[in-house]
Structure formats: C-alpha cells, structure tokens
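What the coordinates show
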Amino acid sequence: MALADQFALGVEELSRQPLPPPVRHEAERTLLNTIATAVCSSGHPAVDQVLRVSESVGGLPFAPIPGRIDNADLHFAAICTGLAAHLDDFDDTHLASGNVHAGSVALAATLGMAMQRRSTGSQFLTAFALACETVLRVAMAIAPAHHEEGWQPSSTCGPIGGAVGAGLVLGLDQTQLASAMGLGAVQLLGHREAFGTPTKAFHPGKSAANGILAATLAASGFTAPRGLFEDPVGFCAVLARENSPDRLVAGLGREWELLQNTYKPYPCGVVCHPGIDAAIELSGSLSDPSRVTQVLYDCHPILLELVDRPDPSGELEARFSAQHGVAVGLVDGSAGLSQYSDERVRSEDVRRVRARIELRPKPEFGREEAALEVVMEDGSRLRAHVVNAKGGLARPLSDAELFSKLDDLCRVALPGAAGRIAASVAALEQAGDLHDLVSAIVPAPAPEPT
Amino acid sequence: MTGSPAVSQGLAHFASSPIDIPESAMAAGRGLLINTVALAVAGSRGQAAESAWAGVRALGTPELAGILGRPERLSPIWAALVNGIAAASGGGDDIHDRSQMRVGASVVPAALAVAEWRDRSVGELVAAIVIGAEVGIRVGIGLGPSHRDRGWEVSSTCGVIGAAVAAGRMLGLDTPAMLMAVGLSATQAAGLRAAAGTMTAAFQMGKAASNGVESALFAATGLTTTPISIEGRRGLAALTSTAPDYEATLDGLGERWEVEQVRTEPLAGAASGGQPGAEPADRQAAMLDRARALVQPALGTDFERLITACLDFRGESSRLLVAASFRGGAG
C-alpha cells in the first residue's frame, strides 16, 4: 500500500477516536498559542492587503479571522489567519523537523470550515491536532536536509497537513484523504529567500488555503496518483537529497510528533533564544550597558546561516537578528514584542550594543545552547552559559506562562479576552459547536444603533 | 548568488515597460490563445474540469470571470484554475523545446481571467500572453535541465511566474509591483513530474494559472517580498537547479522572442497547428484548422464566432471571447 494510503487509513481511524489525553492537552496548548499570535498580528498591514484582494475577488465573507471584526471566504480567511499567526514569528515550533510551525497552518485550514460544517468542539480539536501531526510527520520525512537546503518546511509540508485537517472536517473517506494529500503535495511553497518580509508569514497562510482547496477538490472527485511521496522523483526526493518517506507513517497513532511541540517565550527566530536567555540573565548585573565594549556570543553554527544580522533595519529583520535579541536582553532585561518595535530596533543604545557583538560558531554547541561573555570598559567580564533555552523541550513553558503570553498578545486587539479564550479552548471537548470559541477570539460587533 | 545579474529585476522591468511587440511574436501569442481556448473548451466537460468547478463552487465564489465552454462564472482566481485544468487535461499542449515548457495552460487562463474581469481588449490580452509566456519560458531556460531532472515540472514551476506576469500586465502593474508579483509567484513555484499523465498534472497547471493571478493581485495591493526571488541565495534557482544560467534568461530579452519557438503537439483528430519558422499567416491558418477540429464537436457552428472573437483586435472586449466559447453564449 502506498504511503499516502497507509497514512490516510491511519489518520481517518484516529479521527474517530478520542485523542489520548496528553495529545489533547498539547493540541490545546498549540491552539492557544496559535490563537494568541494570530490575534496579536491581526491588525498588521499585510493582513489588510490580503483582505483588500478578498473584497474584490473573494466569495461571501463568513469565515472568522481571529482578532478581526471582518470576515472573508474560506480561502482568504485561511490566508489571513495563517499569515497573522506566523507574522511575529512567535508561534509554536517543532525543533527536530527544522523549526516547523504547524499550528498556524492547522488553525487556518480548519477553523472556518469547521464553523461552516457545524463541527463539534471535539471534531475540530481532533482535526486541528491531526493537521499538526501531518505537517510535522511530512517535515520529519525530509528533515533536516530540506530546511538546510533553504526551504520553509511549514509551508512546503503545510498544504498536506492543511488538506488532512480540512479533509477530516469535510468527512472525507480514506481514499479521498489520500487524494487530498497528493493534491496538497503538488501545491508546496516557501523559499527562505522571502525571510525578513511579510511573505515569510504569507507562506503558511497560503499553504493552509492550498490544503483547503486540495480537500475540497478531493471531495468533488478529483484524484491524485498514489506513491507521490515515495516516488524516486516524488515529493520527498525533490525536496531533500536525503529523506526517509517511511517516517510519514512510522508509529502513527503511537508516537506523536505533536508532543514535541514547543512555544516561544520571545518573538523571534527560535535559534536566537538561548542567547537571549543568557543576556537577560546578565542584565541584572549590568549596571550601565553603555559601558559594554565587546560581547562574545558563542553559538550553534546555524546562527551564522540564519540570523547573523548585526544591523537590522526594522521589526521584521530584527526577528532574524541574533545580535538584536542579545542587545535588548542586555539593555532592557527582556525581549518581548516592544523590544522588536521599529522604534526600539532603531534606537541608539541598542544599535550601539548590537555593533559590539561578535558571533562565534561553536560546532560542539547544541541548537538550544549559547554562551555570552560581556567585556566592560573597565576590563571586567560577565559570563553566562545557557544549555537549554527557555521554551525548549527541556524547559517548556508552563500552562501558566502560556496563559500570560496569551494575555500579553491579546492586549491590543482583544484586551482582557484571554480568560474567555482559554476557557473556551478548555471546554472544546464538550462543546457542541464552535460558537463560544469563535465569539471569544473575535471582537464583539458594534451595538446596533437604536 | 553574489555577482549574478539582477534576473528578477530585469524580467520585471521588461514585463512592465511599454514594448512594441513584433507581429511575429503577436502571431505566436494568438496561436497560444487559440490553442489554449480550444483545448479548454474541449476539456470543459471532462472529469477534471467538472470536479474542479464543483469544488471551487463549494468554497464560495463571486461570478466575475467565465469558464471556457461553460456558462458558469467564478472569481478570476478560480476561473484561471478551472480553465487551466481543462486546457491541460486532454493532451495536445503547446511546447517550447529548449525549456521543455508547456506554457499555454498557465499563462493564457491567467491573462484571460483578468482581461475579462477588467474588460480589456483582445489585443491587450494577446500582448499580456506574449509577455507572460516570454518571461516564464526564459525562467525555465535559466533553470535548465537539472531542474527537470530533479523532478520538477517546469511547465508549472515557471508557468506560475509567466501567469503572474501576464496577469500583472493586464492589471497595469508598475515595475516595483511587477517585481513583487514575480517574487510572490516564484516562491509558489510547484509541480512534480511524478504526477505526469494524471488529473493532478492538470491540476498543477491550473493552480499555476490561479496562483499567478493571485500573486499579481497581492502585488497590486502592496504585499511585499524579496526583490531577488529567482537569483537570491535561498531563491528559486538555488533551491531547484544545480546549474542556473542567468545569462541565458536575460540574453536578447525584448529582441529575440522565445515565445515564437513554441509549437503545438499533434493530437488525434487535430492537425499539429502552425509550427515555428512558418509565415505568421500560414501558422495562423494551420492553428485555426486544428482548433476547429478540437472544438467543433462541442460548439458546432458557434466555433466561427469564437475564432472571430479570438482574432479581433479592434477594441473588442475579451468578454465576447469567453461568451463565444459556449453554445448560445454570444447569441
């Protein structure tokens, strides 16, 4: 049996059972984190731009967009949702697969359709969880070569996960699901060249929309060839010189990649996090950051490839600047959203420290490891060494920390909504529909004039 | 790649500048239009087109642009999808030998969807097809054989860029916006040769057309992306080709027209159409014979009306062309 058929068979069976409690809990955490980041960036100009196109060529606007009062059709709502969820680079991250962000794709592919189809809360959460699991498993089949070659795995694998999530909501049978996966596979997108622009976040949004199209066409009888994943010139071979297609199905239902998901404490590339931890640790002993003469930043070599940006021009570039993260960690003692504003990125005190940071690749370091040595004018030195970054697998964010993050990210678009959002996610298992969830994640409509 | 020419910028500049297209290239564009319209009409009742149409209708869509060979209307992004699928589902495509690219089923539906929606003339439509095809083919030439050997379907991966350029030309994008349309489409370059001969192969051509239209629309509203989407260190060429030849992409751009080298594959019951090297008028006559054989069974005598619409450059609307593509549509 072809891999797509095996996978579709397994996933369809899993969709008819309750999720194992730890998986359900992690799915809820991923969902909460994704809602938080989607709400936070919902007012970004790039989302407005997508909605302008939606107004001119989109269908009847009924599907919700977290954080926004306006709706769109399924296609454009998916693009907006995935785009917003990933824009701040603050969404969930699966490290082993090449820093895949499955939640943005999974939420964008399932929310509107589940609402339209009047899915129960439990059906929606299961489809969301299995969409995440699919994205992650496809990514594992081509990791790490695929990411290293220069692709964004969230959006190359995203259409397949989106197709499974949307397909389960539509109630596709296993044959249709396998076709939907193939139709998703040929809609891959996402070059890393677009990093530092809003198109990086457009990638997961569009990949979710592509997944919805794949599932919808499969429901109407469109078919895809089997064997597309393991074919010698198929999906896996084309996307990674070294690949292991069998990882798609190995241990499906027994081992869950979703359980390895992590949530970022800082809104920037995950490889920057251990350095920021170390910087924040040192900031308390740093009485005057203007007297820093040099910062030696020992790190995993991948940082020089991905995030070596000593002088980012603004917010988006700063999210991929290892130097900026460490600089604000040292100067401000924190690295929240306000540390990544254009204003803070361009401020003189931060620029000054950034310019004094030297990245030193350490092949023996793990990806969650960093060491800082700060040299002061008077010759004194401060040192910190972080082995496991906060928010990583060894030091996961607690549920309480995740709630604080949600509360913080909702501050502008949905002030005070975090409690209601968390309660509606916790109640999904028993919810007969998505009404409470959807009304918790969008602003209340303006009262009708009387 | 450091030191490589600014390929994306060069193509975007070409695609957005006023160009006096020679008659030989316009004739090639008319040939692409006629062949693709004929194939789409012939494929419009096939299983692939039926399923695609039913699927996008279920998604919800405004009725802004027509489906060739059918009375129903869809959003321009979905009309491009369905027309591209219909045109690619029956064989008999066009082919550009050097790039190994089939170009009509992506570029023509994209240009047509926007032309009809924005009520542009057939002359403007053909010019946009010529420019889009030229750019798509030249990206394909630059990616070279290693791109296809790896397993990529060049007709779709480069078709999406040609489609974006053709749609962008119809929308009147300026050079900075055209550069973004190129970038937004390049990062969506997809399509696997492993799908050859299946419905999915037709789907990835139609999706290239659709993504091209959408990329142009997003570029028009100001969505931004990298200006070096093709030649950048992590761009299309670096990720999908081991030996990109950027000089070949830009060589003679605007002087030598690669689109003139597109020929049509023979098809059972239909002549092969005019071939490169023939006189434009002879080529056109041969293409009409072929198109007649393709669509006569579906349209009967209405075929002549369709062809008149395809060949009308004197300010007639592209809407007439689509309306003439189904029985009774232009009556």
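Residues numbered from 1 in each chain as written. Chains lettered and ligands numbered in written order. Predicted model: local features only at pLDDT ≥ 70, side-chain atom pairs only at ≥ 80, totals over all residues. Heavy atoms only, no water.

On to the overall build of chain A, then. In terms of regular secondary structure, chain A is built from 21 helices and six strands. Against the 2.2 N^0.38 benchmark of 22 Å for 450 residues, chain A shows a C-alpha radius of gyration of 22 Å, consistent with a compact globule. For chain A, the residues scored as buried account for 64% of the 450 residues in total. At a minimum sequence separation of 6, the contacts of chain A that also span at least 24 residues come to 76%. If you sum the accessible surface of chain A, you get close to 15,000 Å²; carbon and sulfur atoms cover 50% of it. Put simply, chain A has 35 plus and 53 minus side-chain charges, and the middle of one group is 2 Å from the middle of the other. (Helix = DSSP H or I, 4+ residues; strand = E, 2+ residues; numbered from the N terminus. Rg over C-alpha atoms; globule rule 2.2 N^0.38 Å. Buried < 20%, exposed > 50% of the residue type's maximum accessible area, 1.4 Å probe, protein only. Contact = heavy atoms within 4.5 Å. Areas by Shrake-Rupley, 256 points an atom, 1.4 Å probe, with all protein chains shown as cover. Lys, Arg positive; Asp, Glu negative; His and termini not counted. Charge placed at Lys NZ, Arg CZ, Asp CG, Glu CD.)

On to the overall build of chain B, then. Each helix and strand counted, chain B has 15 helices and four strands in total. With respect to the principal axes defined by its C-alpha atoms, chain B has extents near 60 × 45 × 40 Å. Across the 331 residues of chain B, 67% fall into the buried class. Long-range pairs, those at least 24 residues apart, make up 77% of the contacts in chain B with a sequence separation of at least 6. Charge separation in chain B, taken as the distance between the mean sites of 26 positive and 31 negative side-chain charges, equals 5 Å.

Residue and element names in this part refer to chain A. In the structure shown here, the tally under the stated rule is zero disulfides over all chains. A disulfide-free cysteine, cysteine 132 has its sulfur positioned 13 Å from the sulfur of cysteine 157, the nearest such atom. Considering cysteine sulfurs only, cysteine 268 is the nearest to cysteine 272, which forms no disulfide, with 4.6 Å between them. (Disulfide = S-S within 2.5 Å.)

With that out of the way, let us pick up the packing of helix α9 (residues 158-170) of chain A against helix α10 (residues 174-185) of chain A. All names here are of chain A. Packing of α9 against α10 brings their axes to within 7 Å, and their N-to-C directions diverge by 150°. Considering only the axes of α9 and α10, their crossing is right-handed. Of the residues in α10, those in contact with Pro159, Ile160, Ala163, Val164, Gly167 and Leu168 of α9 are Leu177, Ala180, Met181, Gly184 and Ala185. (Axes fitted to C-alpha atoms, helices over the stretch in contact; angles between N-to-C directions. Left-handed = near helix turned anticlockwise from the far one by under 90°.)

With that settled, consider the interface of chain B and chain A. Taken together, the contacts link 60 residues of chain B with 57 residues of chain A. Interface area for chain B against chain A, summed over the two sides, is near 4,700 Å², with a carbon-plus-sulfur share of 63%. Inspection of the region where chain B meets chain A yields four salt bridges. The closest approach of N and O atoms between Glu214(B) and Lys206(A), which form a salt bridge, is 2.7 Å. Summed over the shared surface of chain B and chain A, the result is 24 residue pairs in polar contact (both at pLDDT 80 or more). Secondary structure elements with two or more residues in the side of chain B that touches chain A: α3 (47-59), α4 (76-88), α9 (175-186), α10 (199-221) and α11 (236-240) of chain B. Here the element with the most residues in the side of chain B that touches chain A is α10(B); it accounts for 10 residues. (Buried area = accessible area lost by both parts, 1.4 Å probe. Salt bridge = Lys/Arg side-chain N within 4 Å of Asp/Glu carboxyl O. Polar contact = N/O pair within 3.5 Å; in protein donor to acceptor, adjacent residues only side chain to side chain.)

So, about the side chain of Thr216(A). Along the polypeptide, Thr216(A) turns up in helix α11 (residues 199-219). A residue is classified by how much of its surface remains accessible, and Thr216(A), at 5% relative accessible area, is buried. Among residues more than four places away in sequence, those in contact with Thr216(A) are Met113(A), Leu170(A), Gly55(B), Ala58(B) and Leu59(B).

A side chain with one charge can pair with a side chain of the opposite charge if their charged atoms come near. Following the criterion strictly, the structure yields 45 salt bridges over all chains and no others. One salt bridge connects Arg256(B) with Glu258(B), and the closest N-O pair in it is separated by 2.9 Å. The structure contains a network of salt bridges with shared partners spanning Arg192(A), Glu305(A), Arg233(B) and Arg234(B).

All names here are of chain A. Strand order in the open sheet formed by four strands is β4-β3-β5-β6, and the pairing between neighbours is mixed. Only two strands of the sheet have a single neighbouring strand rather than two, namely β4 (357-361) and β6 (381-386). Strand-to-strand, the axes of this sheet are offset by a mean angle of 15°, without reference to chain direction. Across seven bridges, strand β3 (residues 292-299) lies against strand β5 (residues 370-376) in antiparallel orientation. (Pairing = 2+ DSSP bridges.)

Glancing now at the confidence of the model for chain B. Confidence in the prediction for chain B averages 91 pLDDT; 94% of positions are at 70 or higher. Across the whole predicted complex the pTM is 0.93, and at the interface the ipTM reaches 0.95. (pLDDT = per-residue confidence, 0-100.)

Most peptide bonds are trans, and most residues other than glycine sit at a negative phi. All names here are of chain A. Note the cis peptide between alanine 143 and proline 144, where omega equals -5°. Structurally, the position occupied by proline 144 is in the loop between α6 (121-141) and α7 (145-149). Phi is positive for arginine 118, close to 55°, though the residue is something other than glycine. The residue arginine 118 is located in the loop between α5 (102-116) and α6 in this model.

What follows covers the pairing of β3(A). Residue and element names in this part refer to chain A. For β3, the buried fraction is high: six of the eight residues fall into the buried class. With five bridges connecting them, β3 and β4 associate as parallel partners. Across the sheet, residue aspartate 298 finds its bridge partner in β4, namely arginine 360.

Residue and element names in this part refer to chain A. Helix length check: helix α4 (residues 74-87) (14 residues) gives 20 Å between terminal C-alpha atoms against 20 Å at 1.5 Å per residue, within 8%. Counted residue by residue, α4 has 14 buried out of 14 residues, so it is predominantly covered. Note on α4: the residue one or two positions beyond its end, aspartate 89, has a positive phi of about 50°. (Expected span 1.5 Å × (residues − 1).)

With that settled, consider α5(A). All names here are of chain A. When the terminal C-alpha atoms of α5 are compared, their 22 Å separation across 15 residues agrees well with the 21 Å that a helix rising 1.5 Å per residue should span. Threonine 110 marks where α5 bends most, by close to 30°. Counting buried positions along α5 gives 13 out of 15 residues, so the element sits mostly inside the fold. Once α5 ends, the next one or two residues include arginine 118, with phi positive near 55°. (Bend = angle between axes of the 7 residues up to and from the residue.)

All names here are of chain A. Within the secondary structure, phenylalanine 365 is located in the loop between β4 and β5. Looking at phenylalanine 365, the relative accessible area reads 10%, which means it is buried. For the pair phenylalanine 365 and proline 301, spaced 64 residues apart in sequence, the C-alpha separation works out to 8.2 Å.

Glancing now at the environment of Gly254(B). Residue and element names in this part refer to chain B. Within the element layout of this structure, glycine 254 appears in the loop between α12 (246-250) and β4 (262-264). On the accessibility criterion, glycine 254 (33% relative accessible area) is partly exposed. Spatially, the C-alpha atoms of glycine 254 and isoleucine 19 are 8.0 Å apart, while their sequence positions differ by 235 residues.

Once that is clear, we can look at the packing of aromatic side chains. Here the structure, examined in full by the defined rule, presents eight aromatic pairs over all chains. Joined through ring pairs, the aromatic side chains of Phe76(A), Phe202(A) and Phe218(B) make up one cluster. When the ring centre of Phe90(A) is taken as origin, the NZ or CZ atom of Lys405(A), which lies over that ring, is 4.1 Å away. The ring of Trp53(B) carries the charged tip of Arg70(B) above its face, separated from the ring centre by 4.8 Å. (Phe/Tyr/Trp six-rings, centres within 6.5 Å; stacked < 30°, edge-to-face > 60°. Lys NZ or Arg CZ within 6 Å of the ring centre and 35° of its normal.)

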